[in-house]
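What follows is each chain in one-letter form.
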Amino acid sequence: MDHLVSPSLLAADFGNLARDVSLVNESQADWIHLDIMDGVFVPNISFGFPVIEHVKKIARKPLDVHLMIVDPDRYLSRFRDAGADILTVQYEACIHLQRTVSEIHSLGMKAGVAVNPHTPVLLLKNTLPFIDMVLIMTVNPGFGGQSFIMESYNKITELRKMIEEGGYKVLIEVDGGIDTTNSGKLIETGVNVLVAGHSVFSSENPMETIKRLKDLK
Ligand code: DX5
Ligand code: ZN
């Protein structure tokens, strides 16, 4: 399959959020990535339900919602009601992960699991049959604009092998420090979905940057 691009609104201009969502609507992006931070799981707080609801009203692409919050089970239905299409929880925040992803599915959303840079992908071996996507964090979560961690390539290779060997239909998404200089190698290594915040919204021409991430030219 062709790879997907999911621009992260964390790097958008929140004073002109509708304008930036429209830009993504008009672009070649496939999804819209929304980062939810609670100030506990990560040392930062982003935004919550009213912002997601607002984005949902104007978005013409699926909402790819990435929860960096403790105990996400408390809020799964709220994120569905706010407009999430794909809901990703952090592996490290879930005690009963299989139950959590089953609940996400029963609420009618696609289920993703994110792993921090220190978490081996092997820990997802028995979860792959139950999920639609693994998000490999390629920076430590919490902030946009950080540098890509090179060790991530080994994790992607290892996870791609596990997925192929098991015959699973699981997408690999990468998030953190993704730009037009590393996107090509990431796709070659087996990535299906590129999240990009700063490299898109801080660029001179975000529309063109999305096109370049999509075309890899
Ligand atoms: C980081 C978030 C990312 C962030 C990526 O904790 O999960 O989605 O927006 O930002 P960039 O692309 O700027 O590294
Ligand atoms: Zn994210």
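Look up a bit, the structure's there.
Rules of the game
Residues numbered from 1 in each chain as written. Chains lettered and ligands numbered in written order. Predicted model: local features only at pLDDT ≥ 70, side-chain atom pairs only at ≥ 80, totals over all residues. Heavy atoms only, no water. Helix = DSSP H or I, 4+ residues; strand = E, 2+ residues; numbered from the N terminus. Rg over C-alpha atoms; globule rule 2.2 N^0.38 Å. Contact = heavy atoms within 4.5 Å. Areas by Shrake-Rupley, 256 points an atom, 1.4 Å probe, with all protein chains shown as cover. Lys, Arg positive; Asp, Glu negative; His and termini not counted. Charge placed at Lys NZ, Arg CZ, Asp CG, Glu CD. Donors = N, O, S within 2.8 Å, 3.2 Å for Na, K, Ca; no water. Phe/Tyr/Trp six-rings, centres within 6.5 Å; stacked < 30°, edge-to-face > 60°. Buried < 20%, exposed > 50% of the residue type's maximum accessible area, 1.4 Å probe, protein only. Near = heavy atom within 4 Å. Polar contact = N/O pair within 3.5 Å; in protein donor to acceptor, adjacent residues only side chain to side chain. Nonpolar A, V, L, I, M, F, W, Y, C, P; charged D, E, K, R; others polar. Pairing = 2+ DSSP bridges. Axes fitted to C-alpha atoms, helices over the stretch in contact; angles between N-to-C directions. Arc of directions from axis to C-beta.

A.B. asks: Let's hear about the overall build of the protein: which residues, and what values?
C.D. replies: Scanning the protein from N- to C-terminus turns up eight helices and eight strands. A globule of 217 residues ought to have a C-alpha radius of gyration of about 17 Å, and the protein, at 16 Å, matches this closely. Along the three orthogonal principal directions, the C-alpha set of the protein runs to about 40 × 35 × 30 Å. Within the protein, contacts between residues separated by at least 24 positions form 65% of all contacts whose residues are at least 6 apart in sequence. Within the structure as shown, the protein displays about 9,800 Å² of accessible surface, and the carbon and sulfur contribution to it stands at 51%. Of note, the protein has its 20 positive side-chain charges centred 4 Å away from the centre of its 27 negative side-chain charges.

A.B. asks: Can you tell me about the coordination of the zinc ion (ligand 2), naming the residues and giving the values?
C.D. replies: Protein-derived ligands of the zinc ion (ligand 2) are His33 (NE2), Asp35 (OD), His66 (ND1) and Asp175 (OD), with the metal-ligand distances lying across 2.0 to 2.3 Å. One chain supplies every donor for the zinc ion (ligand 2), spaced along it as H-x1-D-x30-H-x108-D.

A.B. asks: Can you tell me about the packing of aromatic side chains, naming the residues and giving the values?
C.D. replies: By the definition in use, this model includes four aromatic pairs. Ring geometry for Phe49 and Tyr75: centres 6.2 Å apart, planes at 50 degrees, overall tilted. In this pair, Phe49 is assigned in helix H2 (residues 49-58) and Tyr75 in the loop between strand E3 (63-68) and helix H3 (76-82), connecting sequence segments 26 residues apart. Under the relative-accessibility criterion, Phe49 is labelled buried at 15%. On the basis of relative accessibility, which here comes to 29%, the residue Tyr75 falls in the partly exposed class. With a centroid separation of 4.7 Å and 50 degrees between ring planes, the pair formed by Phe49 and Phe79 is classed as tilted. Of this pair, Phe49 sits in helix H2 while Phe79 sits in helix H3, and the two are 30 residues apart along the sequence. Put simply, the rings of Phe49, Tyr75 and Phe79 pair up and form one aromatic cluster.

A.B. asks: An account of the site of ligand 1 is needed here, citing residue identities and associated values.
C.D. replies: The environment of ligand 1 is made up of 20 residues, and the closest members are Ser8, Asp35, Gly142, Asp175 and Gly197. One nitrogen or oxygen atom from the side chain of Asp35 is found 2.7 Å from an oxygen atom belonging to ligand 1. Those elements that provide at least two residues to the shell around ligand 1 are strand E2 (32-37), E3 and strand E8 (193-196). Ranked by residue count, the leading element in the shell around ligand 1 is E2, at three residues. Of the residues in the shell around ligand 1, the class split is eight nonpolar, ten polar and two charged.

A.B. asks: Tell me what's going on with the sheet that holds E3, and back it up with residues and numbers.
C.D. replies: Sheets are built from strands that pair by backbone hydrogen bonding, the pairs being arranged parallel or antiparallel. Spatially, E1-E8-E7-E6-E5-E4-E3-E2 is the arrangement adopted by the eight strands of the open sheet, whose pairing is parallel. Since the sheet does not close on itself, it has two edges, and those belong to strand E1 (4-7) and E2, each with one partner. If you compare each strand with its neighbour and ignore which way they point, the axes differ by 20 degrees on average. Note: E2 against E3, six bridges, orientation parallel. Note on E3: the bridge partner recorded for Ile32 is Leu63. Sitting on the sheet, helix H8 (residues 206-215) is in contact with E1 and E8, with an inclination near 150 degrees to E1.

A.B. asks: Report on H8, specifying residues and quantitative values.
C.D. replies: Residues of H8 that are buried: Pro206, Thr209, Ile210 and Leu213. For H8, the buried positions fall inside an angular range of 100 degrees around the axis, keeping them on one side. The inward-facing, buried residues of H8 contact E1, helix H1 (17-26), helix H6 (183-189), E8 and helix H7 (198-201). Positive backbone phi, at 50 degrees, marks Leu216, one or two positions downstream of H8.

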